[in-house]
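# Descriptive structure summary
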Amino acid sequence: MNVSHILTVTKNEDQGAGYFHLVARAPELASAARPGQFIHVLCAPGVDPFLRRPFSFYRLRPEAGEVEIYYQVVGKGTHLLSQIQPGTKLDALGPLGQGFPLDPKAQRILILGRGIGTAPLIALAEAARAQGTGVSAILSARNPDAIIGDRLLASWGVEVTTVTDESGTSDPAQVEPLLAAALDKPGTAQAFVCGSRRLARLLRRLAAARGIPAFGSLEERMGCGLGGCLVCACRVRTPEGETYKRVCNDGPVFPLEEVVLG
Ligand SMILES: Cc1cc2nc3c(=O)[nH]c(=O)nc-3n(C[C@H](O)[C@H](O)[C@H](O)COP(=O)(O)OP(=O)(O)OC[C@H]3O[C@@H](n4cnc5c(N)ncnc54)[C@H](O)[C@@H]3O)c2cc1C
Ligand code: FES
């Protein structure tokens, strides 16, 4: 981890549905970061908001010296971020946390994303594609406008299935057969989920029944982002019983069999 960076924002565009796409020049960060890791960003100069805000990498483009994040405006920090103009310098710590353990030999992986939680799975799919690994994607959101990355994935040849609350197709009971069929595709070696604990529970069950390792990227509120304050603790199972791990440092990506999903 090379920790402290000043990013130069080159694009920060409204994508509709409350989402923004931010691109920033940060050559060292782009080279060091891995899909599933995150940056901890000061959304405005000064002390308000006092705490940094964590964002996963949506795309990593070391050849262009750029990193990209995709974010949803939900409160003060993300609102301030959405006001930033190209040329602005952004103070960020990173790359932080443990990324997705993509198997370099995997023939195929499955990604399962809900809403803004799909963002880090796009970086993962791009890395998979670069090493010749096939990707199946199931993307869920409240409506079609809130689905992220489907066109980008399709342009990479990824077979994308979308489900939405609006069309009544996103309920876990309806996602189950789609997910089972995707996991049963020949060569599927790993599965990854982000953005929904309900979908994470479903994936854990279906992947375990098939002996496919499954991983989830968790979101918790964060303080330091560096492992020191314990604000981000999540419950995990160990052979000795339940204990806590830090999402910022031990995660955000965990094996699904390990985490207590509530
Ligand atoms: C490892 C990690 C990666 C993330 N990656 C992304 C990303 O790629 N794109 C993106 O849009 N968001 C991402 N988030 C969530 C993002 O950090 C929060 O939405 C942001 O911090 C909210 O800040 P705010 O000041 O706008 O809202 P606040 O005023 O701080 O909160 C507004 C609302 O959002 C909820 N909230 C705030 N932070 C979190 C959180 N960490 N988890 C769940 N709910 C929260 C609050 O409970 C409240 O209801 C990520 C979070 C983590 C932990
Ligand atoms: S945010 Fe401080 S320990 Fe994780």
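Not measured: the values here are computed from a predicted model. (Residues numbered from 1 in each chain as written. Chains lettered and ligands numbered in written order. Predicted model: local features only at pLDDT ≥ 70, side-chain atom pairs only at ≥ 80, totals over all residues. Heavy atoms only, no water.)

## Brief notes about the site of ligand 1
Neighbouring residues of ligand 1: 20 residues in total, closest R53, P54, G77, T78 and R221. Note that a nitrogen atom of ligand 1 is positioned 2.9 Å from one of the backbone N or O atoms of Y70. When ligand 1 is considered free in solution it has 860 Å² of accessible area, and contact with the protein chains removes 77% of it. Per element, the largest residue contribution to the shell around ligand 1 is 4 residues, and it comes from strand β4 (residues 53–56). Residues that form the shell around ligand 1 fall into these classes: 10 nonpolar, 5 polar and 5 charged. (Near = heavy atom within 4 Å. Polar contact = N/O pair within 3.5 Å; in protein donor to acceptor, adjacent residues only side chain to side chain. Areas by Shrake-Rupley, 256 points an atom, 1.4 Å probe, with all protein chains shown as cover. Helix = DSSP H or I, 4+ residues; strand = E, 2+ residues; numbered from the N terminus. Nonpolar A, V, L, I, M, F, W, Y, C, P; charged D, E, K, R; others polar.)

## Focus: the sheet that holds strand β8 (residues 108–114)
In spatial order, the strands read β10-β9-β8-β11-β12-β15; together these 6 strands make up an open sheet with mixed pairing. Two strands in the sheet have a free side with no partner beyond their single neighbour: β10 (159–164) and β15 (253–255). Averaged over neighbouring strand pairs, the angle between their axes works out to 20° when direction is ignored. This element, helix α5 (residues 172–183), spans β8, β9 (134–141), β10 and β11 (188–194) of the sheet and lies at about 160° to β8. Helix α6 (residues 197–210) contacts β8, β9, β11 and β12 (214–217) of the sheet and is inclined by roughly 165° relative to β11. (Pairing = 2+ DSSP bridges. Axes fitted to C-alpha atoms, helices over the stretch in contact; angles between N-to-C directions. Contact = heavy atoms within 4.5 Å.)

## Things to note about the sheet that holds strand β1 (residues 4–16)
Reading across the sheet, the 7 strands line up as β4-β3-β7-β1-β2-β6-β5 and stay open at both edges, with antiparallel pairing between neighbours. Strand pairing shows two members of the sheet lacking a second neighbour, β4 and β5 (59–61), which therefore form its edges. Each adjacent strand pair in this sheet contributes to an overall mean axis angle of 35°, direction not counted. Sheet strands in contact with helix α3 (residues 119–130) are β4, β5 and β6 (66–72), and its direction is about 45° off that of β5.

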